[in-house]
Each structure stands twice: as structure tokens, then as C-alpha cells.
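Topology and contacts: notes
In case you want the letters, here they are:
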Amino acid sequence: MGQSLKDKVAYITGAGRGIGKATALELAREGVHLGLMARTESRLKKTVEEVEAFGVKASYAVVDISNQEEVNQAVSKLKENIGKADILINNAAISSRGQFLEIDPQDWKKTIEVNVFGTYHVTRAVLPQLIEKNQGDIINISSSNGLKGTAGSTAYSASKFAVQGMTEALMQEVRRNNIRVSTLNPSLVATELAFGNKVDEQDKEKYMQPEDIAEYMVSQLKLNQRIFIKTSLQWATNPF
Ligand SMILES: NC(=O)c1ccc[n+]([C@@H]2O[C@H](COP(=O)([O-])OP(=O)(O)OC[C@H]3O[C@@H](n4cnc5c(N)ncnc54)[C@H](OP(=O)(O)O)[C@@H]3O)[C@@H](O)[C@H]2O)c1
């Protein structure tokens, strides 16, 4: 028998759309109260409205996760509004594509600042809450690009390999605190990050949907606290 997630508190970054929003909805279905973060207020408000329909408490904070000071303020606000976190989903990230010599150096740097430092900043702000409870979960959304580089994705791959390493090292530090730290490594998922504004035109049977990743994540969180999945890859069955 796994554990119930009812009345736990989860903080999710990048909860305005895509995998982050789908995860918020899936956790709300399980009775989890939610603290939601991203930069676009209108999208966060919409997610709050939709998750509240499941009868859970929800709060949002507008934040750029690449800025530690903003993150600290956001996490304080969420803690005040919905309580200390049991679960942290580090989901927010950006993608930058282009051949190594052609990609704008500022875009390369920004990718590292958001994907690596962003994950670090949020974890740094939230981890003390989990340690205090002597229990918890941190799931970092990496990517198949965090395990295997592909042409045209040097910055994104570098950022996701870094997330992979940071996750594994932190996991070894906080297992003794009963905290499970893991990565998810999805292949292509039908979101704006992958398809831009053409996302709704894609074949829903061909590509994984954000809901698929969210359902997987929830099943992982429901495992008995004594077991966890260190890392996992999610692939589409037949994308051809
Ligand atoms: N889609 C895929 O094929 C795929 C595959 C493997 C892994 N992933 C990973 O899955 C995760 C979710 O991606 P997605 O596909 O759902 O992307 P998405 O639809 O583009 O959503 C990204 C979310 O992150 C937020 N965000 C971006 N930069 C931010 C910042 N600086 N501060 C705070 N929030 C920020 C965005 O909101 P704002 O713009 O409003 O801030 C948005 O809510 C990412 O870690 C991504 O690398 C995706």
C-alpha cells in the first residue's frame, strides 16, 4: 500500500502551463494544497482557479527563479498562505536551441541561470522546511537531454546534466532526513517549450502529453516513503 497525499502541501515552479500546470491539477485531484510559481500572473491565477475547484487551498507567487532574493520572498509568501512544503517540484525551465557557434551567448547564459541556478535557488529556499519536517520529496524535472546530448542543444543539455548531478549529490545528503530527491527525464512532451504556439496542432496520440508526466509523478509520490525512484525516463510509445 502506498501513501495518501491528501492535505500535503506541494510547491511547483512553472505552474502556469505545460507539465507544471498538469502536475498542479493532478495533485489537486489527490487533495494536495498548492503553492504555484512562475513569471506570468494571469496564467498562475488561472491555474489557481482550476485547482481550487478540487477543494484544495492554493496560492501563487510571481517570481523569476533565476533571482535568489525574489525566490526567497515568493517562498515566504507561499509558506504564510498555505503552509510549509512537503513536496517541491522544480519544473520551471527554458530551452534555447541553436548550433554552438550560432547561439547568442546571452541566451546560453540565461539557460544556465534559469535551469540550474533557478533549481538551486528554489531548493535552497524550500529545503529547510522539509528538513524541519524530517520528511519530504523533491522532484527535479530534467530531460532526456540531461542524460544524452543532442546537436543544437548545448546550453539546454549542459543545464540538464547539471540538474542531474546536483540532484544525485543532494539526494545522498538528505536521504538521512527521510527526504526523497529524484529526477524525471522525459523525452518530447507536447508543450509550448517543445512546440511553441503550434502545440495545439500536434497529434495527441503521437506525443506524450503534460498529463502523462503528471500522472507518472503522482504515482511516484504515492509510493511508500521507504522507497523512491532515483531517476526515470519517460518515452512516447510510438512517435513515428
Ligand atoms: N516539453 C518537453 O518536451 C520536455 C521534455 C523534457 C523535459 N522537459 C522539462 O519539463 C519542464 C516543464 O517544461 P514544459 O515543457 O512544461 O515547458 P513550458 O510549457 O514552456 O512551461 C515552462 C514553465 O516554466 C515557467 N518559467 C520559465 N522561466 C521561468 C523563470 N525564469 N522563473 C519562473 N518560472 C519560469 C513558465 O512560466 P512563465 O514564462 O510565466 O515564467 C512556464 O510556466 C522543464 O524543466 C523542461 O525542461 C520538457
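Residues numbered from 1 in each chain as written. Predicted model: local features only at pLDDT ≥ 70, side-chain atom pairs only at ≥ 80, totals over all residues. Heavy atoms only, no water.

**Points about the pattern of salt bridges**
Within this structure, the stated rule accounts for 12 salt bridges. Salt-bridge contacts for D137 lead to R180; the nearest nitrogen and oxygen are separated by 2.8 Å. Placement of D137 in strand β5 (residues 136-141) and of R180 in strand β6 (residues 179-186) is noted, with a sequence separation of 43 residues between them. In this structure D137 comes out as buried when scored by relative accessible area, which is 9%. Using a relative accessible area of 4% as the deciding quantity, one classes R180 as buried. Three or more residues are tied together by salt bridges with common partners; here these are R17, R43 and E192. (Salt bridge = Lys/Arg side-chain N within 4 Å of Asp/Glu carboxyl O. Helix = DSSP H or I, 4+ residues; strand = E, 2+ residues; numbered from the N terminus. Buried < 20%, exposed > 50% of the residue type's maximum accessible area, 1.4 Å probe, protein only.)

**Overview of the site of the ligand**
Neighbouring the ligand are 30 residues; R39, T40, N91, Y156 and T191 lie closest to it. A distance of 3.2 Å separates an oxygen atom of the ligand from a polar backbone atom of G14. In this structure, R17 approaches the ligand through a side-chain N or O atom, which is 3.1 Å from an oxygen atom. For the ligand, whose unbound accessible area comes to 880 Å², protein coverage reaches 97%. Judged by the proximity of its atoms to the pocket grid, the ligand belongs to the largest pocket. For the shell around the ligand, the secondary-structure elements that each account for two or more residues are α1 (18-29), α5 (154-174) and α6 (192-195). Of all the elements, α6 adds the most residues to the shell around the ligand, at 3 residues. Grouping the constituent residues of the shell around the ligand by class yields 16 nonpolar, 9 polar and 5 charged. (Near = heavy atom within 4 Å. Polar contact = N/O pair within 3.5 Å; in protein donor to acceptor, adjacent residues only side chain to side chain. Areas by Shrake-Rupley, 256 points an atom, 1.4 Å probe, with all protein chains shown as cover. 1 Å grid on protein atoms, 1.4 Å probe; cavity = no way out; pocket = protein on both sides within 12 Å on 5 of 7 lines; lining within 4 Å. Sits in = over half its atoms within 2 Å of the grid points. Nonpolar A, V, L, I, M, F, W, Y, C, P; charged D, E, K, R; others polar.)

**Observations concerning the packing of aromatic side chains**
Applying the stated rule across the entire model yields 2 aromatic pairs. Seen from their ring centres, F117 and Y120 are 6.5 Å apart, and the 90° between their planes marks the pair as edge-to-face. Here F117 and its partner Y120 are both found in helix α4 (residues 105-133), 3 residues apart, which amounts to about one turn of the helix. Given the relative accessible area of 43%, F117 is considered partly exposed. Overall, Y120 belongs to the partly exposed group, its relative accessible area being 38%. Arranged with centres 4.9 Å apart and planes meeting at 55°, the rings of F195 and Y207 form a pair that is tilted. Taken as a pair, F195 in helix α6 and Y207 in the loop between α6 and α7 (210-221) lie far apart in primary sequence, 12 residues in all. Across the pair, Y207 and F195 agree in class, each one buried. When the ring centre of Y60 is taken as reference, the NZ or CZ atom of K77 above it lies at 4.7 Å. (Phe/Tyr/Trp six-rings, centres within 6.5 Å; stacked < 30°, edge-to-face > 60°. Lys NZ or Arg CZ within 6 Å of the ring centre and 35° of its normal.)

**Points about helix α2 (residues 41-52)**
With 12 residues, α2 should reach 16 Å at 1.5 Å per residue; the first-to-last C-alpha distance of 16 Å fits that figure. Along α2, the positions that sit buried rather than exposed are L44, T47, V48 and V51. Buried positions in α2, seen along its axis, are confined to an arc of 105° and lie on one side of it. Away from its buried face, by an angle of more than 90 degrees, α2 presents the exposed residues S42 and E49. Considering only its buried residues, α2 is in contact with α1, β2 (33-38) and β3 (58-62). (Expected span 1.5 Å × (residues − 1). Arc of directions from axis to C-beta. Contact = heavy atoms within 4.5 Å.)

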